[in-house]
Amino acid sequence: MESEQAILALAALAQSTRLDVFQLLVKHEPDGLAAGDIARGLAVPQNTMSSHLAILFRAGLVTAQRFSRSIVYRADLRRFQAVVLFMLRDCCDGRPEICAPLIEDLTPCCQPKPKPIGKAERRLHV
């Protein structure tokens, strides 16, 4: 990732409504939300929300897909990951003593959920 791309993404998130939009879209992955639902959910006028969504879209942090008269927005988690990795790699300069505590702090919040045990597996565990 280039510095300019990271700056554009970070600048897009450096505004409270856009940060709220991105966080809301992350919570609604993988389905996303229609623009009107986002505006209503955050109590923001639709024309204002359109501007915020356009900025997030240009920064590559959200994707948009038209369904009939609605546009459904989704968080682009790969792009967000690229921004975070760019920051870690650039700021840590490959020094594990700097990066390790940051990564360690992220690990507890991001553990995959255990898969539910099916009937066959339950019989084996009893």
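Structure first, text after, so check above.
This text gives an overview of the structure that appears in the document. (Residues numbered from 1 in each chain as written. Predicted model: local features only at pLDDT ≥ 70, side-chain atom pairs only at ≥ 80, totals over all residues. Heavy atoms only, no water.)

On to the overall build of the protein. In terms of helices and strands, the protein carries seven helices and three strands. Along the protein, helices and strands appear, N-terminal first, in the series α-α-β-α-α-β-β-α-α-α. Within the span of the protein, comprising 126 residues, buried residues form 26% of the whole. If you take every contact in the protein between residues at least 6 apart in sequence, the share linking residues at least 24 apart comes to 54%. When the accessible area of the protein is evaluated, it comes to approximately 9,200 Å², of which 57% is carbon and sulfur surface. (Helix = DSSP H or I, 4+ residues; strand = E, 2+ residues; numbered from the N terminus. Buried < 20%, exposed > 50% of the residue type's maximum accessible area, 1.4 Å probe, protein only. Contact = heavy atoms within 4.5 Å. Areas by Shrake-Rupley, 256 points an atom, 1.4 Å probe, with all protein chains shown as cover.)

Judged by side-chain polarity, Ile98, Leu102 and Ile103 come together as a nonpolar surface patch covering roughly 230 Å² of accessible area. Mapped onto the secondary structure, Ile98 falls in helix H6 (residues 96–106). (Patch = residues over 30% accessible without salt bridge, like charges linked within 9 Å, V, L, I, M, F, W, Y side chains within 5 Å. Salt bridge = Lys/Arg side-chain N within 4 Å of Asp/Glu carboxyl O.)

As paired elements, strand S1 (residues 33–34) and strand S3 (residues 70–75) share two bridges and run antiparallel to each other. Paired with Ala34 across the strands is Val72, a residue of S3. Across six bridges, the pairing between strand S2 (residues 62–67) and S3 is antiparallel. Within S3, the residue paired with Val62 across the bridge is Ala75. The antiparallel hairpin formed by S2 and S3 contains two residues in its connecting segment, where Ser68 sits at a positive phi of about 55°. (Pairing = 2+ DSSP bridges.)

Counted by the stated rule, this structure contains one aromatic pair. Between the aromatic rings of Phe22 and Phe80, the centroid separation amounts to 5.1 Å while the plane-to-plane angle is 45°, which identifies the pairing as tilted. You can see Phe22 sitting in helix H2 (residues 16–27) and its partner Phe80 sitting in helix H5 (residues 77–92), a full 58 residues away along the chain. (Phe/Tyr/Trp six-rings, centres within 6.5 Å; stacked < 30°, edge-to-face > 60°.)

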